[in-house]
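What follows is the residue order along each chain.
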Amino acid sequence: MLDIDLGVSNIKYKLRTKLSLSYLLITLICVASISIFANIFLEKQFREYVIKNQNVKNQEIMNMISNQYGQDNKWNYDYISNIGMNALESGIIIKVKDSKGKIIWDATKHNTGLCNQMIEQMAQNMNSRYSNWQGKYTETKYPIVQVFKQIGTLEIGYYGPFYFDDNDLKFINNLNWFLIAIAVFAFVISLFFGTLMAKRISNPISRVIKSAELIAKGYYGDCIPEKSNTREIHDLTETINNLAETFENQDKLRKRLTSDVAHELRTPLTTLQSHMEAMIDGVWEPNIERIKSCHEEILRINRMVGDLENLEKIESDNIVLDKTEFDIAELTRNIITNFESDFVKKNIKIMYESEEQLIMADKDKISQVIVNLLSNSLKYTEKGGKVKVYISGDKDKVQLIVKDTGIGIPKEDLQYIFERFYRADKSRNRLTGGSGIGLAITKAMVEAHNGSIEVQSKLNEGTEFTIKMDK
Ligand code: ADP
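The rules we used
Residues numbered from 1 in each chain as written. Predicted model: local features only at pLDDT ≥ 70, side-chain atom pairs only at ≥ 80, totals over all residues. Heavy atoms only, no water. Pairing = 2+ DSSP bridges. Helix = DSSP H or I, 4+ residues; strand = E, 2+ residues; numbered from the N terminus. Axes fitted to C-alpha atoms, helices over the stretch in contact; angles between N-to-C directions. Contact = heavy atoms within 4.5 Å. pLDDT = per-residue confidence, 0-100. Buried < 20%, exposed > 50% of the residue type's maximum accessible area, 1.4 Å probe, protein only. Parallel < 35°, antiparallel > 145°, perpendicular 65-115°, else oblique. Nonpolar A, V, L, I, M, F, W, Y, C, P; charged D, E, K, R; others polar. 1 Å grid on protein atoms, 1.4 Å probe; cavity = no way out; pocket = protein on both sides within 12 Å on 5 of 7 lines; lining within 4 Å. Points joined across faces, edges and corners; volume = space filled by probe spheres on them. Left-handed = near helix turned anticlockwise from the far one by under 90°. Salt bridge = Lys/Arg side-chain N within 4 Å of Asp/Glu carboxyl O. Domains from an automatic or database assignment. Expected span 1.5 Å × (residues − 1). Bend = angle between axes of the 7 residues up to and from the residue. Phe/Tyr/Trp six-rings, centres within 6.5 Å; stacked < 30°, edge-to-face > 60°. Polar contact = N/O pair within 3.5 Å; in protein donor to acceptor, adjacent residues only side chain to side chain.

1. Details of the sheet that holds strand 11 (residues 462-470)
- Ordered by their spatial adjacency, 5 strands build an open sheet running 6-8-9-11-10, and the pairing between neighbours is mixed. Of all strands in the sheet, those with a lone pairing partner are strand 6 (349-353) and strand 10 (452-458), marking the two edges. Averaged over all pairs of adjacent strands, the angle between strand axes in this sheet comes to 10 degrees, irrespective of strand direction.
- Where strand 8 (residues 386-393) meets strand 9 (residues 397-404), 7 bridges bridge the pair, whose relative direction is antiparallel. What sits directly across from Val-389, in strand 9, is Val-402.
- Those strands touched by helix 12 (residues 438-448) are strand 10 and strand 11, and its axis lies near 140 degrees from that of strand 10.

2. Describing the confidence of the model for the protein
- Per-residue confidence for the protein gives a mean pLDDT of 84; residues scoring 70 or more make up 94%.
- Taken as a whole, residues 1-7 scores under 50 in pLDDT and shows 0 contacts with residues more than four places along the chain or in a different chain.

3. Focus: the pairing of strand 1 (residues 93-98)
- With 6 of its 6 residues buried, strand 1 lies for the most part within the structure.
- Burial along strand 1 is two-sided: the face carrying Ile-93, Lys-95 and Lys-97 and the face carrying Ile-94, Val-96 and Asp-98 are both buried.
- Connecting strand 1 to the next strand, strand 2 (residues 103-106), in antiparallel fashion are 4 residues, including Gly-101 with a positive phi near 95 degrees.

4. So, the packing of helix 5 (residues 166-216) against helix 6 (residues 231-280)
- One way to put it is that helix 5 packs onto helix 6 with a least axis distance of 10 Å and a crossing angle of 10 degrees. Viewed along their axes, helix 5 and helix 6 adopt a mutual orientation that is roughly parallel. Where helix 5 abuts helix 6, its residues Ile-201, Pro-204, Val-208, Ser-211, Ala-212 and Ile-215 lie against Ile-233, Leu-236, Thr-237, Ile-240, Ala-244 and Phe-247.
- For the contact of helix 5 with helix 6, the class distribution of residues is 10 nonpolar, 2 polar and no charged.

5. Digging into empty space enclosed by the protein
- Taken as a whole and judged by the stated rule, the model has 2 cavities of 30 Å³ or more.
- Taken as a whole, the largest cavity spans an internal volume of roughly 80 Å³.
- Looking at the largest cavity, the residues that line it are Ile-328, Ile-366, Val-369, Ile-370, Val-398, Gln-399, Leu-400, Val-446, Ile-467, Lys-468 and Met-469.
- Elements supplying a minimum of two residues to the lining of the largest cavity: helix 9 (363-380), strand 9 and strand 11.
- Looking at the lining of the largest cavity, its residues break down into 9 nonpolar, 1 polar and 1 charged.
- If you trace the second largest cavity, you find it lined by Leu-253, Arg-256, Leu-257, Asp-260, Arg-420, Phe-421 and Tyr-422.
- Residue classes in the lining of the second largest cavity are distributed as 4 nonpolar, no polar and 3 charged.

6. Quick word on the packing of helix 1 (residues 15-72) against helix 5
- Across the interface, helix 1 lies against helix 5 with an axial gap of 8 Å and an inter-helix angle of 160 degrees. Classified by the angle between their axes, helix 1 and helix 5 sit roughly antiparallel to one another. For the pair helix 1 and helix 5, the crossing hand works out as right-handed.
- Broken down by class, the residue content of the contact of helix 1 with helix 5 amounts to 23 nonpolar, 10 polar and 3 charged.

7. Side note on the pattern of salt bridges
- Evaluation of the coordinates by the stated rule reveals 13 salt bridges.
- Between Arg-47 and Glu-43 there is a salt bridge, and its shortest N-O distance comes to 3.6 Å. Of this pair, Arg-47 and Glu-43 both sit in helix 1, 4 residues apart, which is roughly one turn of that helix.
- Here Arg-47 falls in the partly exposed class, since its relative accessible area comes to 33%.

8. Observations regarding unusual backbone geometry
- Phi at Asn-73 is positive, roughly 50 degrees, even though this residue is not glycine.
- By the element assignment, Asn-73 lies in the loop between helix 1 and helix 2 (77-89).
- Non-glycine residue Asn-347 carries a positive phi angle of around 55 degrees.
- Positionally, Asn-347 belongs in the loop between helix 8 (328-345) and strand 6.

9. Some points on the domain arrangement of the protein
- Assigned domains of the protein: these are domain 1 (12-180), domain 2 (232-315) and domain 3 (323-470).
- Domain 1 and domain 3 are separated by 99 Å when their C-alpha centres are compared.

10. Comments concerning helix 6
- Helix length check: helix 6 (50 residues) gives 71 Å between terminal C-alpha atoms against 74 Å at 1.5 Å per residue, within 8%.
- Along helix 6, the largest kink reaches about 25 degrees and is centred on Arg-266; proline Pro-268 follows within four residues of it.
- Immediately downstream of helix 6, the backbone of Gly-282 shows phi near 80 degrees, a positive value.

11. Looking at the packing of aromatic side chains
- The full count for this structure, using the stated rule, is 7 aromatic pairs.
- Ring geometry for Phe-46 against Phe-171: centres 5.1 Å apart, planes inclined by 25 degrees, an arrangement best described as stacked. Linking Phe-46 in helix 1 with Phe-171 in helix 5, this pair joins segments that are 125 residues apart in sequence.
- Exposure remark for Phe-171: the relative accessible area of 46% places this residue in the partly exposed category.
- Between the aromatic rings of Phe-418 and Phe-465, the centroid separation amounts to 6.3 Å while the plane-to-plane angle is 80 degrees, which identifies the pairing as edge-to-face. You can see Phe-418 sitting in the loop between helix 10 (411-414) and helix 11 (426-432) and its partner Phe-465 sitting in strand 11, a full 47 residues away along the chain.
- Counting every residue linked through ring pairs, the aromatic cluster contains Phe-46, Tyr-49 and Phe-171.

12. Digging into the side chain of Ser-190
- Along the chain, the position of Ser-190 falls in helix 5.
- Given a relative accessible area of 6%, Ser-190 falls into the buried group.
- In this structure the side chain of Ser-190 is engaged in a polar contact, spanning 3.0 Å, whose partner is the backbone oxygen of Phe-187.
- Not counting residues within four places of it along the chain, the set of residues in contact with Ser-190 comprises Tyr-23, Leu-24, Thr-27 and Thr-195.

This is the structure:
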């Protein structure tokens, strides 16, 4: 079959590698952009500075020559030669002519060798910096003016349009070395911190993975001790720990469920078997009483299987609700009336408080919920006890409370009582005839109505069930 590449590579990188590489990449991008920016921007500024500086120097030379002439209206050859030599040393080749055009001082004549050497040096500097440098030796003429009269001409020659001398070039090169040093430093620092951060993030994740693997193998006991100050990692470890706890509870429950079902079936089956064997062996005469007793055991098994089937239907997420509007207060009152004789028989006082509360719900299912809660209160409240039923509500919600002064539920059992076949005290509850399915069905029905059921209980003091539902 043809494999289509959907663009998701099969190569798996470690989170640590990816994070470290990202840090490096970001650093490289930053340093590269700073270097490019510095080279483009700073060099432009520097070039302007060099050109400005050259103009200032030219102006200075002009002023000095003009001042010299102004002192006694004569050219002082030595003085001008001095100015010319100084200018030559700073890379400026000057030529001074009088008003008639006669050369007074010319650097190229005075020291041809030095001039050529300097021009060559300038060209070399610029070519070393710019591979296709187009500069050439240029001369600019400035009139030397004294009291509105031109007394001569100054010709300044340099390598243009601008040039860097050795110091300028050294400055630019140093700047680049400095940037390279920063890049190396940033590279090392980012590698260090990147690895450190990646380690801090990936270590707890690796531990979570190990724990998840252990959970998958059925070891729920070791929770992750990791305390991270990274919100997501903290949440992840908490979730895995909760998951392990849930699985552990589910596992305990599953084991208990199996043993409970086996136990529930074994009792009637053993009774049936011994009765039948006694009759087959002729120990017992098969009279109608004994056959009836066998029949009762069969009915008990059947009821259990029926309960299980019911529960399966209710829990399989597709409970069909036949919703109608009815007064839950009235429904409860009717159910209490039906139960009244049982309560009286057991000498339990039943109290009821409610005003009309109209709700949109499946009347049969809500009625079963109330029956289950009331029959539990009846079962688990001893003679002389009290049961109170309250219904209250506002415009959107309704709340039903069934509270008894019965035997209560041990704290450690509270979280399990809504599970199938769970009975807080097996030996005690067998006597009451419960199978541990009633509350599981109740919860499933309440949740099918998007409602919630809560329980509060204290051993030997009593139990309170609260149901909350939308109207
Ligand atoms: P059962 O058929 O055993 O009553 P339920 O699912 O209705 O099954 O209840 C589960 C267990 O919760 C019961 O076995 C009992 O231990 C406990 N229980 C439920 N309601 C009450 C109550 N009102 N008072 C004390 N214990 C209760």
